[in-house]
Amino acid sequence: MDKNAMKKMAAERSVDYVEDNMILGLGTGSTVVYMVEALAKRVKAENLHLTCVCTSIRTAEQATSLGIPVKALNEVDHIDLTIDGADEVDDNFQGIKGGGAAHLFEKLVATTSTRNIWIVDEEKVVDTIGRFPLPVEVIPFGSQQVFNKFVKEGLNPEFRTTEDGQRVLTDSKNEVIDLHLEKITHPHLLATWLSEQVGVVEHGLFLDLVNEVVVGSPEGVKILKAR
Ligand SMILES: O=C[C@H](O)[C@H](O)[C@H](O)COP(=O)(O)O
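As annotated in an unreviewed UniProt entry, the protein is Ribose-5-phosphate isomerase A from Latilactobacillus sakei subsp. sakei. The UniProt entry for the protein carries the following text under Pathway (unreviewed entry): "Carbohydrate degradation; pentose phosphate pathway; D-ribose 5-phosphate from D-ribulose 5-phosphate (non-oxidative stage): step 1/1." You can read under Function (unreviewed entry) in the UniProt record for the protein the words "Catalyzes the reversible conversion of ribose-5-phosphate to ribulose 5-phosphate."

Asks: Could you clarify how one ought to interpret the UniProt feature "active site" (unreviewed entry) in the protein in this entry?
Replies: Per the UniProt record, "active site" (unreviewed entry) is found at E106. Positionally, E106 belongs in helix α4 (residues 103–112). Dropping the residues within four chain positions of it, E106 is found in contact with G27, T28, T55, D84, K97, G98 and F206.

Asks: Honestly, the packing of aromatic side chains in this entry has me stumped. Any pointers?
Replies: Scanning all chains against the criterion turns up three aromatic pairs. An angle of 50 degrees between the planes, with centres 6.1 Å apart, marks the rings of F150 and W193 as tilted. Linking F150 in helix α5 (residues 143–152) with W193 in helix α6 (residues 187–196), this pair joins segments that are 43 residues apart in sequence. When the ring centre of F206 is taken as origin, the NZ or CZ atom of K97, which lies over that ring, is 5.4 Å away. Over the face of the ring belonging to F159 we find R167, whose NZ or CZ atom lies 3.5 Å from the ring centre.

Each value, and the rule that gives it
- Residues numbered from 1 in each chain as written.
- Predicted model: local features only at pLDDT ≥ 70, side-chain atom pairs only at ≥ 80, totals over all residues.
- Heavy atoms only, no water.
- UniProt positions renumbered as here; feature names shortened; annotations may be inferred.
- Helix = DSSP H or I, 4+ residues; strand = E, 2+ residues; numbered from the N terminus.
- Contact = heavy atoms within 4.5 Å.
- Phe/Tyr/Trp six-rings, centres within 6.5 Å; stacked < 30°, edge-to-face > 60°.
- Lys NZ or Arg CZ within 6 Å of the ring centre and 35° of its normal.

Pasting the structure below:
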């Protein structure tokens, strides 16, 4: 089955979790695009009153264009539920996010949210995370020094660039270094180490954050419940 069909299936199911009057976090990425489309249909059909907090300029633009009301994270006092994509998730519900360079805003929204749901295709459910390169957002000032430190630590870093060779910039105008690790066996230790490095703004390890994962697969939608 086509990967996009699995993403769409998970995205469409996830909007069933949305209730009237919720403050809702909207993630970022190709799976979230399907979710926002499905959400807009429900909002219209059922005249739902929602307040949505977006994790990227892209998602905010899509939501606004479809008539979904959007507020900034600073304008809400809590978030009831956040629906987001993910790049990898393991059996212990630890994940990697940031393939779309949105992990800083996504983590801020996720940690404000009472519940977090991820929507993925089944290829993203793995035994051990790390095959997907781990995104690390760094400030541009001195980013080469941070990069050099990652090399020294054997973390196989690579600056993320656009097709024309420019460094990718996040919505906060920071750079992204992807770590090619293949397997992350001690995600908590790595997360702590990365957070301690000067110049690192945020990394893409999302640990102990997700409550449920909605998985699109050729057999249909599967729901994995963490807690
Ligand atoms: O920065 C981007 C996000 O973490 C995305 O949620 C993640 O990369 C999954 O994206 P997609 O749904 O496009 O595979």
